[in-house]
Amino acid sequence: MEFDNKKHNSKHARELPTVAVVHFKIKEAKGTKWLSFNGTKLGHIPARIVFKLPFLQHLYLSGCALRGALREELANLENLVTLDVSCNKLQEVPLRLPLSWKYLVTLDLSCNDFIEIPRTISELVSLEDLNFAQNRILYLPVEISSLPNLKLLDASSNLLRDIDGAVFTGAISESLQTLKIANNLLHRLPSEIGALRLLEELDVRDNNLTYLPANVKLLLRLQVFHYAGNEWKILQHKKHFRIRNEKFTARCEKIQSSYGADALETLFCLIYPKSV
């Protein structure tokens, strides 16, 4: 019995600092509308956040040992602008949540165990930054194409084998500036990627790509192109592009990232030969 009491007291002592931190930070956030528990091993999202901070705008829960599904009660935080739940063990975003977040600009779901993104993601009409890198996502829902303000999409380090071309059409084609799909299982990119006329950065590192579709020639604003770790079949037809030669091939193997004007030149050199 004495041993059990000591064990209970020890556990209670460890929990007290976390309880105190939660109480203090929630009280402080009432004035700032900004709340961060980053690195605090909460284990779950305190209900008090929802019920005491209805006007909260910025919520950071990175590395909080969260598991399972996000709390559906978070839908009551209708004024959220930023939500960061990265580096946890979360597996599900309930369909209801995006329906309430009309003002959300940044959503970070990276470094979790998600296997899909809810189709209601299209309801996040203010979203500019969507990051779900380092999960187990199998496909990108076409509803992403409906996001009118999305500037950055990071789907790196997932299990993507293919991307539906419809993802790159629609409203997203008039807003997306950065696309990161590195470290997946992609063998090809859809020709619709050419619809992303405002794209400035493209990261396709560490996939199984051999060529790019002809429509990448439409990505005239590209400034940064990362392409290492693929199985590129460099073409040697000098009549089409000045840099398509052995020197360029050697440079590709060493550098595998291009910037400025070189980004476009490199992009053009990796186009599927029949489309040249």
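Residues numbered from 1 in each chain as written. Predicted model: local features only at pLDDT ≥ 70, side-chain atom pairs only at ≥ 80, totals over all residues. Heavy atoms only, no water.

## Considering the environment of Ser145
In this structure, Ser145 sits in the loop between strand S7 (129-131) and strand S8 (152-154). We classify Ser145 as buried; its relative accessible area is 11%. Expressed as a C-alpha distance, the spacing of Ser145 and Ser173, which sit 28 residues apart in the sequence, is 7.6 Å. Ignoring anything within four residues of it in the chain, the contact list for Ser145 reads Ala166, Val167, Thr169, Gly170, Ala171 and Ile172. Only 2.7 Å separates the side chain of Ser145 from the backbone oxygen of Val142, close enough to count as a polar contact. (Helix = DSSP H or I, 4+ residues; strand = E, 2+ residues; numbered from the N terminus. Buried < 20%, exposed > 50% of the residue type's maximum accessible area, 1.4 Å probe, protein only. Contact = heavy atoms within 4.5 Å. Polar contact = N/O pair within 3.5 Å; in protein donor to acceptor, adjacent residues only side chain to side chain.)

## Quick notes on the packing of aromatic side chains
Any aromatic ring pair is given by two values, namely how distant the centres are and how the planes are angled relative to each other. Applying the stated criterion across every chain, the model contains 2 aromatic pairs. Taking the centre distance of 5.6 Å and the plane angle of 50° together, the rings of Trp34 and Tyr60 count as tilted. Within this pair, whereas Trp34 is found in strand S1 (residues 34-36), its partner Tyr60 is found in strand S2 (residues 58-60), the two being separated by 26 residues in sequence. Aromatic pair Phe225 and Tyr227: ring centres 5.0 Å apart, planes at 35°, arrangement tilted. Among the residues examined, Phe225 registers a relative accessible area of 0% and is labelled buried. (Phe/Tyr/Trp six-rings, centres within 6.5 Å; stacked < 30°, edge-to-face > 60°.)

## Notes on the environment of Thr210
Along the chain, Thr210 turns up in the loop between strand S10 (201-203) and strand S11 (224-226). It is 4.9 Å that separates the C-alpha atoms of Thr210 and Glu231, two residues lying 21 residues apart in sequence. What Thr210 contacts, discounting residues up to four positions off in sequence, is His187, Glu231, Trp232 and Lys233.

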